[in-house]
Amino acid sequence: LETYPYNRYHPMGEIYQWMSLIREKYPEVVTQHFLGMTYETRPMYYLKISQPSNNPKKIIWMDCGIHAREWIAPAFCQWFVREILQNYQDNSRIRRLLKNLDFYVLPVLNIDGYIYTWTTDRLWRKSRSSHNNGTCFGTDLNRNFNVSWCSIGASKNCSDSTFCGTEPVSEPETKAVSSFIESKKEDILCFLTIHSYGQLILMPYGYTRNKPSNYKELIQVGQKAANALKAKHGTNYRVGSSIDILYATSGSSRDWARDIGIPFSYTFELRDNGTHGFVLPEAQIQATCEETMAAVLSILDDVYEKYGYSNSAG
Ligand code: 0X9
Ligand code: ZN
């Protein structure tokens with residue numbers, strides 16, 4: 001683990017090994033939990049980073065790799081975990097966050113698709129479920145959540161890249177995430193889902209131009225995060241509602257999370273702006289992760305300041 005290359009992309013087997021090494025090195029703060037099985041029956045695990053405490057703590061959820069080809073996303077989830085674990089003892093800012101919040105990190109949501117991008121088709125996006133008697137494959141897992149399902153910006157044709165599935169939450173991967181989030185929703189303060197590319201911080205909604213009740217606050221927190229991000233390496237991000245600054249989407253995890261009551265729900269679209277697109281060179285992993293970390297920490301500081309005082313620990 002001392003020599004694990006965080007500035008590289010890793011095949012799924014190495015990410016499974018990394019999870020084991022992380023929990024073995026930090027047993028006092030990290031546990032690994034089974035979330036469910038993928039369509040091709042691979043286990044999905046999340047890491048829970050939590051300091052023992054008698055007080056109830058708010059939860060921060062982060063998932064990466066719901067879209068198979070967005071390799072920078074799993075790389076960021078791994079980077080995030082390392083930063084928290086390497087710094088929580090000496091860095092007062094991270095120490096305070098971890099004292100008061102629990103982090104749940106799912107490094108690769110779409111494991112079957114991710115493996116397929118390593119073995120067969122680098123630009124595959126969807127899961128690998130089989131449809132129409134094996135004539136087409138894959139559901140866009142970020143169109144399959146139970147929120148205004150397949151109403152706009154999604155397709156009912158299984159050969160399309162935004163195929164929404166056969167019904168809301170038809171896929172084992174979205175079932176696993178949905179039921180887990182649903183079971184913890186009272187305690188989840190912040191839902192972060194990491195994608196690429198486009199350099200955007202997206203807020204609800206994608207399926208309607210209506211704004212969530214805390215829209216202003218979401219914009220403020222998001223804009224401050226974009227400023228913190230830019231301060232690292234000068235990278236420009238835009239902040240706004242998904243439908244306003246990107247395009248219409250229905251059935252996304254972010255919109256679903258907001259609509260079940262999780263107050264702060266954001267999609268990150270990491271680097272770049274289209275030069276390399278989904279095939280971001282490994283040489284950019286470090287800078288991308290550094291600046292994204294700055295943005296995420298800014299959001300965490302803000303949501304903790306505003307709503308994190310669920311106990312007397314301060
Ligand atoms: O189309 C998507 O699902 C995301 N863009 S990507 O290029 N990473 O595929 C946009 C997700 C943000 N929008 C919503 N979640 N509604
Ligand atoms: Zn994506």
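Residues numbered from 1 in each chain as written. Chains lettered and ligands numbered in written order. Predicted model: local features only at pLDDT ≥ 70, side-chain atom pairs only at ≥ 80, totals over all residues. Heavy atoms only, no water.

For the chain, the name recorded in an unreviewed UniProt entry is Carboxypeptidase O, with Myotis davidii as its organism. Its UniProt record, at the heading Function (unreviewed entry), says of the chain: "Carboxypeptidase which preferentially cleaves C-terminal acidic residues from peptides and proteins. Can also cleave C-terminal hydrophobic amino acids, with a preference for small residues over large residues." The record in UniProt for the chain states the following under Cofactor (unreviewed entry): "Zn(2+)". (UniProt positions renumbered as here; feature names shortened; annotations may be inferred.)

1. Structural notes on the layout of surface pockets
In this approach a probe as big as a water molecule rolls over the atoms, and the regions it shows empty are the leftover space. What the largest pocket holds in volume is close to 260 Å³. As for the largest pocket, its lining consists of 21 residues, and the residues nearest its centre are R125, H195, L246, Y247 and E269. Among the elements of the structure, β7 (188–196), β8 (200–203) and β10 (264–270) are those that each provide at least two residues to the lining of the largest pocket. Among the residues forming the lining of the largest pocket, the class breakdown is six nonpolar, nine polar and six charged. (1 Å grid on protein atoms, 1.4 Å probe; cavity = no way out; pocket = protein on both sides within 12 Å on 5 of 7 lines; lining within 4 Å. Points joined across faces, edges and corners; volume = space filled by probe spheres on them. Helix = DSSP H or I, 4+ residues; strand = E, 2+ residues; numbered from the N terminus. Nonpolar A, V, L, I, M, F, W, Y, C, P; charged D, E, K, R; others polar.)

2. Quick look at the UniProt feature "domain: Peptidase M14" (unreviewed entry) in the chain
In the UniProt entry, the feature "domain: Peptidase M14" (unreviewed entry) is given for residues 8–303. With 37% helix and 19% strand, the stretch residues 8–303 has end C-alpha atoms that lie 31 Å from each other.

3. Some remarks on the state of the cysteines
What the rule picks out here adds up to three disulfides. The disulfide partner of C136 is C158, and the gap between their sulfur atoms is 1.8 Å. Measuring the twist about the S-S bond at about -75°, one finds the C136-C158 disulfide to be left-handed. Here C136 is found in strand β6 (residues 136–137), whereas its partner C158 is found in the loop between β6 and α5 (172–184), with 22 residues between them in sequence. Here the two residues C136 and C158 agree in accessibility, since each one is buried. Disulfide pairing places C150 opposite C164 at an S-S distance of 2.2 Å. (Disulfide = S-S within 2.5 Å. Buried < 20%, exposed > 50% of the residue type's maximum accessible area, 1.4 Å probe, protein only.)

4. Examining the coordination of the zinc ion (ligand 2)
Listed as protein donors to the zinc ion (ligand 2) are H67 (ND1), E70 (OE), E70 (OE) and H195 (ND1); their distances from the metal cover 2.0 to 2.3 Å. Taken in sequence order, the residues that donate to the zinc ion (ligand 2) follow the motif H-x2-E-x124-H. E70 shares its class with H67; the two are buried. (Donors = N, O, S within 2.8 Å, 3.2 Å for Na, K, Ca; no water.)

5. So, the site of ligand 1
In the vicinity of ligand 1 there are 16 residues, among which R125, R143, Y247, T249 and R254 approach most closely. N142 is positioned such that a nitrogen or oxygen atom in its side chain is 3.2 Å from an oxygen atom of ligand 1. Here ligand 1, which alone exposes 410 Å², has 96% of that area covered by the protein. For the shell around ligand 1, the secondary structure elements donating two or more residues are β7 and β10. Looking at the shell around ligand 1, its residues break down into three nonpolar, eight polar and five charged. (Near = heavy atom within 4 Å. Polar contact = N/O pair within 3.5 Å; in protein donor to acceptor, adjacent residues only side chain to side chain. Areas by Shrake-Rupley, 256 points an atom, 1.4 Å probe, with all protein chains shown as cover.)

6. Points about the packing of helix α2 (residues 72–87) against helix α9 (residues 285–307)
Two elements in contact, α2 and α9, have axes separated by 10 Å at closest approach and are oriented at 60°. For the crossing formed where α2 meets α9, the hand is right-handed. The residues of α9 that touch α2, namely those facing I72, A75, F76, W79, F80, E83 and I84, are I285, Q286, T288, C289, E290, T292, M293, V296 and L300. Along the lines of polarity and charge, the residues of the contact of α2 with α9 split into 11 nonpolar, three polar and two charged. (Axes fitted to C-alpha atoms, helices over the stretch in contact; angles between N-to-C directions. Left-handed = near helix turned anticlockwise from the far one by under 90°. Contact = heavy atoms within 4.5 Å.)

7. Quick notes on the packing of aromatic side chains
Going through the model one piece at a time under the given rule, you end up with 20 aromatic pairs. When the centroid spacing of 6.1 Å and the interplanar angle of 80° are considered together, the rings of Y16 and Y45 count as edge-to-face. Of this pair, Y16 sits in helix α1 (residues 12–25) while Y45 sits in strand β2 (residues 43–49), placing them 29 residues apart in sequence. Using a relative accessible area of 25% as the deciding quantity, one classes Y45 as partly exposed. Aromatic pair F264 and Y307: ring centres 5.8 Å apart, planes at 45°, arrangement tilted. Pair noted here: F264 is in strand β10 and Y307 is in helix α9, with a separation of 43 residues, a long-range link. For Y307, a relative accessible area of 39% corresponds to the partly exposed category. Ring pairs connect the aromatic residues Y46, W61, Y104, F180 and F191, which therefore count as one cluster. The cationic tip of R128 hangs over the ring face of Y116; the distance from NZ or CZ to the ring centre is 3.6 Å. (Phe/Tyr/Trp six-rings, centres within 6.5 Å; stacked < 30°, edge-to-face > 60°. Lys NZ or Arg CZ within 6 Å of the ring centre and 35° of its normal.)

8. Quick look at unusual backbone geometry
Negative phi is the rule for most residues except glycine; trans is the rule for most peptide bonds. Residue Y197 follows S196 across a cis peptide bond; omega there is 5°. In this fold, Y197 is placed in the loop between β7 and β8. Located in the positive-phi region is N132, a residue other than glycine, with phi close to 45°. Inspection of the secondary structure assignment puts N132 in the loop between β5 (130–131) and β6. Phi angles above zero are rare outside glycine, and N133 is one such case at about 55°. By secondary structure assignment, the location of N133 is in the loop between β5 and β6.

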